[in-house]
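Now for the letters of each chain:
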Amino acid sequence: MSNPPLTPRHPLADVQRGRLGAPDPATPGVTLTARARGTVLHLLAAPVSSCAPDDLTALLGLPDLSLRAAGPNQWLLVGDRALPTDELAALASRLADKVAVIDQSHGRVRVTVSGPSVCDLLAKGLALDLSAAAFPVGQSAQCLYGHISLHLTRAAADSFDLLVFRGFAESLWDLLCEMGLEFGLQATLQTG
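Residues numbered from 1 in each chain as written. Predicted model: local features only at pLDDT ≥ 70, side-chain atom pairs only at ≥ 80, totals over all residues. Heavy atoms only, no water.

Undergrad: Could you give an account of the environment of Thr 153, with specific residues and numbers?
TA: Along the polypeptide, Thr 153 turns up in strand E8 (residues 148-156). Placed 11 residues apart in sequence, Thr 153 and Gln 142 show a C-alpha to C-alpha distance of 8.9 Å. Apart from residues no more than four positions distant in its own chain, Thr 153 is found in contact with Arg 68, Gly 138, Gln 139, Ser 140, Ser 159, Phe 160 and Asp 161. (Helix = DSSP H or I, 4+ residues; strand = E, 2+ residues; numbered from the N terminus. Contact = heavy atoms within 4.5 Å.)

Undergrad: Give me the lowdown on the pairing of strand E2 (residues 39-44), citing residues and values where you can.
TA: Across the six residues of E2, five count as buried, placing the element largely inside the fold. Bridge count between E2 and strand E4 (residues 74-79): six bridges; the pairing is antiparallel. In the strand pairing of E4, His 42 is matched with Leu 76. One ladder, built from four bridges, connects E2 with strand E5 (residues 100-103); its direction is antiparallel. In the strand pairing of E5, His 42 is matched with Ile 102. (Buried < 20%, exposed > 50% of the residue type's maximum accessible area, 1.4 Å probe, protein only. Pairing = 2+ DSSP bridges.)

Undergrad: Explain the pattern of salt bridges to me, and be specific about the residues and the numbers.
TA: Taken as a whole and judged by the stated rule, the model has seven salt bridges. Its salt-bridge partner being Asp 80, residue Arg 110 comes within 2.7 Å of it at the nearest N-O pair. In this pair, Arg 110 sits in strand E6 (residues 108-114) while Asp 80 sits in the loop between E4 and helix H2 (85-95), placing the two residues 30 residues apart along the sequence. A relative accessible area of 11% means that Arg 110 is categorised as buried. Arg 110 is the salt-bridge partner of Asp 161, the closest N and O atoms lying 3.0 Å from each other. You can see Asp 161 sitting in strand E9 (residues 159-165) and its partner Arg 110 sitting in strand E6, a full 51 residues away along the chain. Like Arg 110, Asp 161 is buried. The network of salt bridges with shared partners includes Arg 35, Arg 68, Asp 80, Arg 110 and Asp 161. (Salt bridge = Lys/Arg side-chain N within 4 Å of Asp/Glu carboxyl O.)

As structure tokens, this is what we get:
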């Protein structure tokens with residue numbers, strides 16, 4: 001039996017961009033960008049572990065990956081580029097005595113939401129205080145946006161990264177697009 005070749009496909013390739021109307025790219029209050037590629041690794045430490053984020057950061061050796069809290073003794077390691085198999089194996093080997101490394105890159109979709117109205121848009125579906133004092137840059141939370149579970153990280157003063165399971169990505173995208181129309185929305189599917 002032969003295996004057919006796999007063709008990489010954007011996780012949101014089937015969204016209907018035409019129904020958004022005509023966005024005003026000159027003055028968008030909110031910009032949505034869905035990333036096609038990247039790295040999402042779930043790091044799990046033993047429940048009785050004394051593993052700290054600083055311990056992991058010292059072992060990483062990859063400055064283009066960011067470590068984000070995902071729960072007790074759990075972190076997500078996120079980056080813009082896909083890690084080749086050899087780099088992933090080397091990273092897992094370096095971290096082996098601290099955490100288990102599970103590649104979630106193909107199972108999660110990363111959506112960046114940014115712009116001057118980003119907090120207003122996110123407040124429509126989140127039960128979190130997104131003020132800079134309560135949720136500073138670098139802060140992460142596992143939460144719900146409406147009924148959709150996601151991992152939220154403040155990447156900059158007016159920018160958030162949302163990581164959602166691939167099966168819920170279209171629902172989240174549609175919800176954000178619909179709720180963002182009042183703010184002047186610009187939505188883009190990143191293909192590279």
